[in-house]
Amino acid sequence: MSKSFILVSISDISFLDMEILSCHSTLCCGILKGKTFDKSLGSHRSRIFYGRNQKFLCVVLKSELGSWGYSYPGHFHRKILNQKEVSRSVSSLKGVQNVDSSITSETYNAHVIDSDGSLGNVTESGEPIPKVLIPGLPNEPNGDSGAPVSSCFREWKPKLNVHYEKSGSENVTSPPVLFLPGFGVGSFHYEKQLKDLGRDYRVWALDFLGQGMSLPFEDPTLSSKNGSESERENSMWGFGDRTEPWADDLVYSIDLWEDQVRYFIEEVIKEPVYLVGNSLGGFVALNFAASNPQLVKGVTLLNATPFWAFLPNPIRSPRLSRIFSWTGTFPLPAGIKKLITVVWQKISDPASIAEILKQVYADHSTNVDKVFYRILETTQHPAAAASFASIMFAPQGKLSFKEALSGCQINKVPICLMYGKEDPWVKPVWGLQVKLQLPEVPYYQISPAGHCPHDEVPEVVNYLLRGWIRNLESQGSVALPLIDSQENHQQDVAKHLEFFREGSKRSVRVQFYGSNFSVWNQIGYFIYSRLKDFRMRF
């Protein structure tokens, strides 16, 4: 059934300079009767309200929506209307009845953009949210390029070279920080942390084996098939018939990456570190810290994935693991070769990569060109397809996410959560579950921000990281970020962090959940918001 909607942008809660976006294609996101939910509409996530007539779905925002950057030809048509045109357009929407005037007169804090690009300035209870000006990133046009970044390789095992980047080596008295990347990316995804935080700390960012620039330099398999030398060079590595001796038992798994991190800390950094991991990197960081607490000063999770891999771990489930004849080793079985060839052509396509980046970045004005081209470059490596297959079919780690959390709690490893609220994959509920299991852990929810908050709003993540590390290094004498005093860490706090980027001021809302956080408070707020929505519907 075809549905249409309008997106209304109000400047200073008036009908002046209103933008209306109309959709003439099938509405794919779905409409839940009697509900209010957050959904991505094109390039922007918003609090959605809809009336009794479900042919129309209305979103109330303030101006500056156009600066968010994306339009979708054939789906959305944007029109700038003056006040009279707005009146005619609104009155022409047949079937829309009983519109509550509170929709246009009440202020909403969820993803509301002020005319200067800042977020709405009241909480759900109507109290004002304080604004805090934080430092921006190093500004290259102004001659500040940040800390110099070095790209390095180190041989871990024969034919297995680990790539990493580092900065701030001169900060010998500062604590070391090690960043672990998400799936499909590498150390390049932490460029904004290396350049900024490298001015204060010793910073490293690692490429997991099988990803980024830590792919093998040689084919891990041999082929018995006849063919010219050029044909063999152009073929995909790992698709041969026999395994090279150095690649025996090679699997790009959680256990391998944990061993890689342990080696890197012991042999390169040579002292305990603060681990920071995004997505897959968060999962590895947490598992590593639970098993090696003596090497970790603290763990920061950036939208950490709460699970990884599907096949059972041979140590945890030896009998069950025997059922699966192949678990990511080389060479790939014949059936897997055919499957991966088809799948790889799809996911390595530039259009597919661009679409994935659209999904995981909430603010589509974020420049992801460097990330896009680095991912594309990695997919063109001859070992990339077989490495992807090995990762997908590798067994699970020794610990589940929940067990790793418990291990860190038992070993008193400090944990900090920084989650982008608009993540379409690792939804806020996963961060809240961690908070419920470990109430004392500081949890910062960042909005608007998606799956990669460190790249989307690096100013905020870097500010919070600095503050959290200072809190731990001072043994609690310095308060946590956003907290006025150490005694207030039990309460929830919301603040707008403002910063300058490319000459314009931006604002991001950060919600700190204190140690008094409980599921009952969340249920209470859920009921309150639903009653509020019910009132607006009628």
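These numbers come from a predicted model, not from an experiment. (Residues numbered from 1 in each chain as written. Predicted model: local features only at pLDDT ≥ 70, side-chain atom pairs only at ≥ 80, totals over all residues. Heavy atoms only, no water.)

K.L.:
When you look at the overall build of the chain in this model, what are you seeing that I'm missing?
P.N.:
Along the chain, the regular secondary structure elements total 16 helices and 19 strands. Here the chain, with 538 residues, has 53% of them falling under the buried criterion. Across the chain, every contact between residues at least 6 apart in sequence was considered, and the portion connecting residues at least 24 apart equals 72%. For the chain, the accessible area works out to roughly 24800 Å², and carbon and sulfur atoms hold 54% of it. (Helix = DSSP H or I, 4+ residues; strand = E, 2+ residues; numbered from the N terminus. Buried < 20%, exposed > 50% of the residue type's maximum accessible area, 1.4 Å probe, protein only. Contact = heavy atoms within 4.5 Å. Areas by Shrake-Rupley, 256 points an atom, 1.4 Å probe, with all protein chains shown as cover.)

K.L.:
How should I be thinking about the pairing of strand S14 (residues 273-278) in this particular structure?
P.N.:
On a regular strand, each side chain points to the face opposite its neighbour's, so the side chains alternate between the two faces of the sheet. For S14, the tally of buried residues reaches six of six residues, placing the bulk of the element in the interior. Residues Val273, Leu275 and Gly277 of S14 are buried on one face, and the alternating residues Tyr274, Val276 and Asn278, pointing to the opposite face, are buried as well. Summarising the sheet, strand S10 (residues 176-180) and S14 pair through four bridges and their orientation is parallel. What sits directly across from Phe179, in S14, is Val276. Where S14 and strand S15 (residues 296-302) come together, six bridges link them in parallel fashion. (Pairing = 2+ DSSP bridges.)

K.L.:
Explanation requested: the packing of aromatic side chains in the structure shown.
P.N.:
For any pair of aromatic rings, geometry is given as the distance between the ring centres together with the angle between the planes. Inspection of every chain in the model, using the stated rule, returns 17 aromatic pairs. Of the aromatic side chains, those joined through ring pairs into one cluster are Phe183, Trp308, Trp344 and Phe388. Against the face of Trp156 rests Lys157, its NZ or CZ located 4.4 Å from the ring centre. (Phe/Tyr/Trp six-rings, centres within 6.5 Å; stacked < 30°, edge-to-face > 60°. Lys NZ or Arg CZ within 6 Å of the ring centre and 35° of its normal.)

K.L.:
Please explain the side chain of His189 as it appears in this structure.
P.N.:
Position of His189 among the secondary structure elements: in the loop between S10 and helix H3 (191-197). Setting aside residues no more than four positions away along its own chain, His189 makes contact with Asn278, Tyr361, Val371, Cys452, His454 and Asp455.

K.L.:
It is not clear to me how the packing of helix H9 (residues 350-360) against helix H10 (residues 369-379) should be interpreted in this structure. Could you clarify?
P.N.:
Between two packed helices, the angle of one axis relative to the other and the distance separating the axes together describe the packing. Running from amino to carboxyl end, H9 crosses H10 at an angle of 135°, the nearest separation of the two axes being 10 Å. By the angle between their axes, H9 is oblique relative to H10. Pair H9 / H10 crosses with right-handed handedness. Counting all contacts with H9, which are made through Pro350, Ile353, Ala354 and Leu357, the residues of H10 involved are Val371, Phe372, Ile375, Leu376 and Thr379. Along the lines of polarity and charge, the residues of the contact of H9 with H10 split into eight nonpolar, one polar and no charged. (Axes fitted to C-alpha atoms, helices over the stretch in contact; angles between N-to-C directions. Parallel < 35°, antiparallel > 145°, perpendicular 65-115°, else oblique. Left-handed = near helix turned anticlockwise from the far one by under 90°. Nonpolar A, V, L, I, M, F, W, Y, C, P; charged D, E, K, R; others polar.)

K.L.:
Whenever I open this one, unusual backbone geometry confuses me. Can you help?
P.N.:
As a rule of thumb, non-glycine residues mostly have phi less than zero, and peptide bonds are mostly trans rather than cis. For the bond from Phe330 to Pro331, the omega torsion is 0°, close enough to zero to count as cis. A cis amide bond links Ser447 with the next residue in sequence, Pro448, at an omega value of 0°. Note on placement: Pro448 falls in the loop between strand S17 (443-447) and helix H14 (453-456). If you check the backbone angles, Asn303 has positive phi at about 50° while not being a glycine. Mapped onto the elements, Asn303 comes out in the loop between S15 and helix H7 (318-321).

K.L.:
Even after reading the chapter, I still don't get the packing of helix H6 (residues 280-291) against helix H12 (residues 401-410), so can you show me in this structure?
P.N.:
Packing of H6 against H12 brings their axes to within 8 Å, and their N-to-C directions diverge by 45°. The orientation of H6 with respect to H12, classified from their angle, is oblique. In this structure, H6 crosses over H12, and the sense of that crossing is left-handed. Residues Phe283, Leu286, Asn287, Ala289 and Ala290 of H6 touch H12, and the partners they reach there are Phe401, Ala404, Leu405, Gly407 and Cys408. Its residues assigned to classes, the contact of H6 with H12 comprises eight nonpolar, two polar and no charged.

K.L.:
Any chance you could explain the pattern of salt bridges here in plain terms?
P.N.:
If charged atoms from side chains of opposite charge come close, those side chains can pair. Enumeration according to the criterion identifies 18 salt bridges in this entry. Here Glu377 and Arg374 are joined by a salt bridge, their closest N and O atoms 3.7 Å apart. Taken as a pair, Glu377 and Arg374 lie in helix H10 at a separation of three residues, close to a single helical turn. Between Glu498 and Lys505 there is a salt bridge whose closest N-O contact spans 3.7 Å. (Salt bridge = Lys/Arg side-chain N within 4 Å of Asp/Glu carboxyl O.)

K.L.:
How should I be thinking about the sheet that holds strand S8 (residues 150-157) in this particular structure?
P.N.:
Across a sheet, paired strands are connected by hydrogen bonds in the backbone, their directions being either parallel or antiparallel. Strand order in the open sheet formed by eleven strands is S7-S18-S19-S17-S16-S15-S14-S10-S11-S9-S8, with mixed pairing between adjacent strands. Bordering the open sheet on either side are strand S7 (131-133) and S8, each of which pairs with just one other strand. Between one strand axis and the next, the sheet turns through 25° on average, direction left out of account. When S10 meets strand S11 (residues 202-206), the two strands line up parallel, connected through four bridges. Looking at the pairing, Val177 lines up with Val203 of S11. Contacts between helix H5 (residues 254-269) and the sheet are confined to S8, strand S9 (160-167), S10, S11 and S14, with S8 contributing the most and set at about 115° to the helix. Relative to the sheet, helix H15 (residues 458-473) contacts S7, S10, S14, S15, strand S16 (415-420), S17, strand S18 (493-501) and strand S19 (504-513), its axis offset from that of S15 by approximately 155°.

K.L.:
In this structure, what is going on with helix H11 (residues 384-392)? I would like to understand it.
P.N.:
In an α-helix, one turn spans 3.6 residues; hence positions three or four apart end up facing the same way. Within H11, eight of the nine residues are buried, which leaves it mostly tucked inside the rest of the structure. Among the residues of H11, Ala384, Ala385, Ala386, Ser387, Phe388, Ala389, Ser390 and Ile391 are the ones counted as buried. Contacts from the buried residues of H11 go to H5, helix H8 (334-347) and H10.

K.L.:
What is the right way to look at the environment of Val149 in this model?
P.N.:
Relative to the helices and strands, Val149 resides in the loop between S7 and S8. Given a relative accessible area of 35%, Val149 falls into the partly exposed group. Linking Val149 and Gly168, residues 19 residues apart in sequence, is a C-alpha distance of 8.1 Å. Residue contacts for Val149: discarding those within four places in its chain leaves Glu165, Lys166, Ser167, Leu194 and Lys195.

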